[in-house]
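Take a look at the letters that make up each chain.
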Amino acid sequence: METRRGKSFYILAAVFIAYVLFLYGPMFAIFVLSFQGPEGGLTFPMNGVSLHWFYKVFEGNGVVNIGAAFKRSLALGTVVMLITVVLSVAAGMAFRKGFKGAVVLFYTAIASLIMPSIITSLGIALEFRLLDDVMINHANDLGLGWFAEGWTTAMGLFTSGLGAHLTWTLPFGLLIMFAIFNRFDGRLEEAARDLGATPWQTFRYVVLPIILPSVVGIGLFGFTLSWDELARSSQAIGSVNTLPLELQGLTTTVTKPDIYALGTITSAVSFLVIFLALFIIQALQARQKRYGSDAGKGLV
Amino acid sequence: MTKDRNSLIAWLQAGPMMLVFSAFFLLPLVFVTIVSAWDYNEYEMLPALSFRGYTDTFEGCIAQLPDLCTILKTYAKTVKLCFLTWAITLTIGFTIAYFLAFHVRSKTWQIVLSLLCTIPFWTSNVIRMVAWVPLLGRNGLVNQGLIDLGLIKVPLEWLLFSEFSVVLAFVHLFTFFMVVPIFNSMIRIDPKLIEAAYDAGATGFQTLVNIIIPLAKPGIVIGSIFVITIVMGDFVTIGVMGGQQIASAGKIIETRLNALQFPAAAANAVILLGITIVIISALTRLVDIRKEL
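Residues numbered from 1 in each chain as written. Chains lettered and ligands numbered in written order. Predicted model: local features only at pLDDT ≥ 70, side-chain atom pairs only at ≥ 80, totals over all residues.

Help me get a handle on the overall build of chain B, residues and values and all.
On a plain count of helices and strands, chain B comes out with 14 helices and 2 strands. By its C-alpha atoms, chain B is 80 × 70 × 40 Å across when sized along the principal axes. With 293 residues in all, chain B has 40% of them scored as buried. Within chain B, contacts between residues separated by at least 24 positions form 68% of all contacts whose residues are at least 6 apart in sequence. (Helix = DSSP H or I, 4+ residues; strand = E, 2+ residues; numbered from the N terminus. Buried ≥ 20, exposed ≤ 12 C-beta atoms within 10 Å, placed from the backbone. Contact = placed C-beta atoms within 7 Å.)

Set out below in structure tokens:
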């Protein structure tokens, strides 16, 4: 193709830069504003610089317990990440072999991805409500009285909440696995088999090392999507709140920069996870280059 | 190794994911459909066949014709916001994808710039919404700037908690869903086709319309499905950016839920689902999703 940059390049580059500013500008505005002085308000100009609002967040402003929500979201995000990685890699391997029902699972995942979140959330809420109703009012008829004794609700962070998050993260994990295996050279597996490797050895010593950087990517999606998830959790999380739900609640009540401080802290966790993941991916790719001869060339 | 054993292993590998989807996605959808046809009173649902959820929703709609009743007005507004968002995200998303696919030549730069577009997607949506407040508020940067420039005398009120700010936030949050699939389609276009068009004397615009857009169509359709389904069902963005004042299809469901009218909420969910399915099936006629990954 042509070697000189045309006029269109500079126009499009300007559009791209404008888009990036549009993406990041507002976020950086609140990062800056979260360092407002104690007298500062919700908008510019800055009224001094301090960590006042960060202290306020950690003290708790009496309305909500941010620290507890923070820990809950962190724990849930970690569990969602691990489950997403394991189930996605396993299912991805199954799709490579092919199995009855593969098409059904694929379209179920797509449907789960694009289903309006409020519908999924409502459905899970109904499911658990009906379950609770059965356990509380009809357990004896079913001979489950011993089990249902003292039953209050099955809804919770690691039951309905976890399920709600997985309906959102698993489709991403599966799609990433598809993208990986579309670019994967199947002859490597055949070669391993011909050399006498068992299926597990083939996976452990051939497939996994090659796909590992992308698997870290699945983990990144799993954690960050759960950490920030709001719409699907809204009805399905039970009596406790995750951090994004607390934040959403604060948008209507808080008129001080402590919401920005909380936003800065939340984003800091996101950025930390993102850069950690990218760093690990980089390191793994560098390692592949060093040891892997031509392995991984089909994977970018 | 026999074929039977192989397919058994495949089943064990795919089974857990299928179980999760069955328990937390398919079964809940069944419950939504069943409960939508139940009766209810002020505080609980009653498991008896009744279509009150539906009839309450459309109450008075026929009597009020030709004026639109609340529910139809709400849907009209949701569709309008959806269309605006779709048109803007498509335009921006296509331009950005085009730049990344055809103007950025080194692979490294392509990865770096794509990452730059992706990173905000991994951060919190609520925070990205709240972030507009200091810019668009009555005393925000935009109003101050316009006043300082002498362009306006009183602050503009429609910048925040309005349809404008809702669409702005949608575009801000969801253009990503357009960029990725369109970029993915464009990157597979054989550069030789574009060279051939150039050699045959096509202008840049002709190449764009006759070669790039048709070949990027699958990406455009997939991106459109994402954006349209997200916006149709949204209640968080519309809530936060509309100052809880703007009604939408998703917000109706939320309102009914807060009033503990589960069958009514479920009926509205079924209606929303029906409309979404119609839109998606119309769009998927244009493209085979499975082939595009």
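Summarise the packing of helix α8 (residues 187–194) of chain A against helix α9 (residues 199–227) of chain A; cite the residues concerned and give the values.
Residues and elements named next belong to chain A. Their axes nearest at 10 Å, the elements α8 and α9 cross at an angle of 140°. Classified by the angle their axes make, α8 and α9 are oblique. As for the relative orientation of α8 and α9, their crossing is right-handed in sense. On α9, the residues that touch Leu188, Glu189, Ala192 and Arg193 of α8 are Thr202, Val206 and Val207. When its residues are assigned to classes, the contact of α8 with α9 shows 4 nonpolar, 1 polar and 2 charged. (Axes fitted to C-alpha atoms, helices over the stretch in contact; angles between N-to-C directions. Parallel < 35°, antiparallel > 145°, perpendicular 65-115°, else oblique. Left-handed = near helix turned anticlockwise from the far one by under 90°. Nonpolar A, V, L, I, M, F, W, Y, C, P; charged D, E, K, R; others polar.)

Tell me about the interface of chain B and chain A, residues and numbers included.
Reports often express the size of an interface as the amount of accessible area lost when the parts come together. Facing 74 residues of chain B, the contacting portion of chain A comprises 72 residues. Class assignment for the residues of the side of chain B that touches chain A results in 52 nonpolar, 18 polar and 4 charged.

Tell me about the nonpolar core, residues and numbers included.
Formed by 138 residues in total, the largest nonpolar core has its most connected members in Leu122 of chain A together with Val32, Ala97 and Ala266 of chain B. Of all the elements, helix α9 (residues 163–186) of chain B adds the most residues to this core, at 14 residues. Beyond its immediate stretch of four places on either side in the chain, Ala97 of chain B contacts Val179, Ile182, Phe183 and Met186 of chain B. (Core = buried A, V, L, I, M, F, W, Y, C linked by C-beta atoms within 7 Å.)

Explain the pairing of strand β2 (residues 45–49) of chain B residue by residue, including any values.
When a strand is regular, its side chains alternate between the sheet's two faces. Residues and elements named next belong to chain B. By the bridge criterion, 3 bridges tie strand β1 (residues 38–40) to β2 in an arrangement that is antiparallel. The partner of Tyr40 across the bridge, within β2, is Met45. Linkage of β1 to β2, two consecutive antiparallel strands, is achieved through a turn of 4 residues. (Pairing = 2+ DSSP bridges.)

Please provide a residue-by-residue account of the confidence of the model for chain B, values included.
Residues and elements named next belong to chain B. On average, residues of chain B carry a pLDDT of 88, and 97% of them reach 70 or more. Averaged pLDDT values for the elements of chain B fall to 77 in helix α3 (residues 61–64) and rise to 94 in α9. Reported confidence for the predicted complex is 0.88 by ipTM and 0.89 by pTM. (pLDDT = per-residue confidence, 0-100.)

Before we move on, can you summarise the packing of helix α7 (residues 157–182) of chain A against α9 of chain A with the specific residues and values?
The geometry of a pair of packed helices is captured by two quantities: the angle between their axes and the separation between those axes. Residues and elements named next belong to chain A. Viewed as axis vectors pointing N to C, α7 and α9 meet at an angle of 160°, and their least axial separation amounts to 9 Å. Judged by the angle between their axes, α7 and α9 are roughly antiparallel. Every pair of crossing elements has a handedness; the one defined by α7 and α9 is right-handed. Judged by residue contacts, His165, Trp168, Thr169, Phe172, Gly173, Ile176 and Ile180 of α7 engage Ile211, Ser214, Gly217, Ile218, Phe221, Gly222, Leu225 and Ser226 from α9. Of the residues contributing to the contact of α7 with α9, the split by class is 8 nonpolar, 7 polar and no charged.

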